[in-house]
Every structure is written in C-alpha cells, then in structure tokens.
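What the coordinates show
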Amino acid sequence: GESVGLHLPTLSVQEGDNSIINCAYSNSASDYFIWYKQESGKGPQFIIDIRSNMDKRQGQRVTVLLNKTVKHLSLQIAATQPGDSAVYFCAENNNTGGFKTIFGAGTRLFVKA
Amino acid sequence: DTGVSQDPRHKITKRGQNVTFRCDPISEHNRLYWYRQTLGQGPEFLTYFQNEAQLEKSRLLSDRFSAERPKGSFSTLEIQRTEQGDSAMYLCASSLGLVETYEQYFGPGTRLTVT
C-alpha cells in the first residue's frame, strides 16, 4: 500500500552545519514529492517540491534529492539556523491518487547554538 | 500567517457531542483540503474539495464526519457523536489548483479534545 516514512525520528545538528533529512516512499506511482516544515503550534509550511522527472532541485538554502531507483528522497539544509528547528515531513502525490497528499511521520530537527 | 484561517483554534467537548469547525481558505484558491493530525504523526488526508464539489474522501472519514463547502469559499467539518479517538488536530489547507504544483497552504489547525 501507500506509505511514506522517514529513517530517523530526530536529528540534532550544530548551528551552521548542514542538515540532511531522509525519507523513503513505497508507491512507485508517485510522481510528485514535497517537503513541509511544521513549527510548534502551526500548520505545515511548504519548503520545496520535486517532480519524478527530476533528481535534484534547489531552493534558498535547501536542496531536495530524489532517487527513484531506491525510492528515497532527502532534504538538505545548508548552514542550519536556530529558526530551522521544527518537524519536517516528506509527502507524496500521484495522478492516480488525485490530489490526496500522503505525509510521512516526520523528523524533528534540533539546532544547537 | 499563510492566509488560511481556522475557527475555533481549540475545542474541548464531551464524548457524544457534535462539533463543527470552520476553515476560510485563501480567497482565490479553488481547492480545499481537510487533514487530521495526531501527536507525533504526519497529517492524514480526510477529504478534498474543488470549488463546492467534494471530489475525494478518505476511508478515515466515517459516517460521523461530514464536510461541506457550500459556496466554494469557506468549508465546515462536522463530527457527530464525538469519541475520544477523535481527539486530534484538524488541519485545513487550500491551493490554487495549478497543474504544476500541489503546494498547499495550511491553516493553524483546530485542536479537538474529547473528554
């Protein structure tokens, strides 16, 4: 069945270091992937997305990598800042699923000053 | 602030009571979504509207749950005969409905506690 999961529930990094958050998905029909950031008491906030015809996409301080062979995607945050502390979710969509977005369980990122 | 608002932000109710939540999406967004999120988990899709049409419903949406979007603008989610297992954060999101992106803008959520 459909599932999106994450390898690690928590990640602790030093301020200024790069962070890498990993995600595995199982639905090979998924053609669109999104990373969301959720801060305490708030709804998820879109960070970056990638289509299945790409393997890398860059934004401001963030990069998403997609490896369709092993059904894995990652979010890289450069020069991690205290404001990056949050829970990060990967999510997937596919055409056959309509506009239903399937979220993984999330990784909590702690940034140490 | 994403521009999506939800009301109320918190709701405490006794088991068996009915509750209704409201979501006001970004005005030009034609798609609206409801999700449920429990502690430590990602949001779970409940239902989705395109304008006033409810196009998809999750198996999670039992007969006690109903959602409407009567004029294609705001939406309501009603839970009848609430159960303790309904305690969760209920999130609403909206999107423009562009083919190029599924980016959704989430509201702050309504936290429901059923006692």
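This text follows the structure it describes.
The structure displayed is predicted, hence computed values, not measured ones. (Residues numbered from 1 in each chain as written. Chains lettered and ligands numbered in written order. Predicted model: local features only at pLDDT ≥ 70, side-chain atom pairs only at ≥ 80, totals over all residues. Heavy atoms only, no water.)

All right, on to the sheet that holds strand β3 (residues 19–24) of chain B then. Residue and element names in this part refer to chain B. Here four strands make up an open sheet; going across it, the order is β1-β3-β8-β7 and the pairing antiparallel. Every other strand in the sheet has two partners, leaving β1 (5–7) and β7 (65–68) as the edge strands with one partner each. For this sheet, the mean angle separating the axes of adjacent strands, direction not counted, is 15°. In this sheet, strand β8 (residues 75–79) lies alongside β7 in antiparallel orientation, the contact comprising four bridges. Looking at the pairing, E68 lines up with T76 of β8. (Pairing = 2+ DSSP bridges. Helix = DSSP H or I, 4+ residues; strand = E, 2+ residues; numbered from the N terminus. Axes fitted to C-alpha atoms, helices over the stretch in contact; angles between N-to-C directions.)

Turning our attention to the pairing of strand β2 (residues 10–14) of chain A. All names here are of chain A. The side-chain alternation of β2 yields one buried face, formed by L11 and V13, and one unburied face, formed by T10, S12 and Q14. Where β2 lies against strand β11 (residues 107–112), five bridges are found, and the strand directions are parallel. Across the sheet, T10 pairs through a bridge with R108, a residue of β11. (Buried < 20%, exposed > 50% of the residue type's maximum accessible area, 1.4 Å probe, protein only.)

Let us look at the interface of chain B and chain A. The extent of an interface is frequently quoted as the accessible surface area lost upon association of the parts. Listed per partner, the contact involves 22 residues of chain B and 21 residues of chain A. The junction of chain B with chain A conceals about 1,700 Å² of combined surface from both sides, 54% of it contributed by carbon and sulfur atoms. Ranking the residues of chain B by area buried against chain A places P43, Y102 and F106 of chain B at the top, with a combined share of 34%. Where chain B packs against chain A, one counts zero salt bridges. Applying the counting criterion to the chain B and chain A interface returns three residue pairs in polar contact (both at pLDDT 80 or more). Of all the secondary-structure elements, those providing two or more residues to the side of chain B that touches chain A are β4 (31–37) and β5 (44–50) of chain B. Considering only residue class, the side of chain B that touches chain A consists of ten nonpolar, seven polar and five charged. (Contact = heavy atoms within 4.5 Å. Buried area = accessible area lost by both parts, 1.4 Å probe. Salt bridge = Lys/Arg side-chain N within 4 Å of Asp/Glu carboxyl O. Polar contact = N/O pair within 3.5 Å; in protein donor to acceptor, adjacent residues only side chain to side chain. Nonpolar A, V, L, I, M, F, W, Y, C, P; charged D, E, K, R; others polar.)

Under the criterion given, the structure shown has two disulfides over all chains. Disulfide partner of C23 of chain A: C90 of chain A, at an S-S distance of 1.8 Å. Judged by the sign of its S-S torsion, about 55°, the bond between C23 of chain A and C90 of chain A is right-handed. Placement of C23 of chain A in strand β3 (residues 19–25) and of C90 of chain A in strand β9 (residues 86–93) is noted, with a sequence separation of 67 residues between them. Across the disulfide from C23 of chain B sits C92 of chain B; the S-S distance is 1.8 Å. Looking along the S-S bond of the C23 of chain B-C92 of chain B disulfide, the torsion reads about -65°, which is the left-handed sense. Residue C23 of chain B is found in strand β3, and its partner C92 of chain B is found in strand β9 (residues 88–95); the two are separated by 69 residues along the sequence. (Disulfide = S-S within 2.5 Å.)

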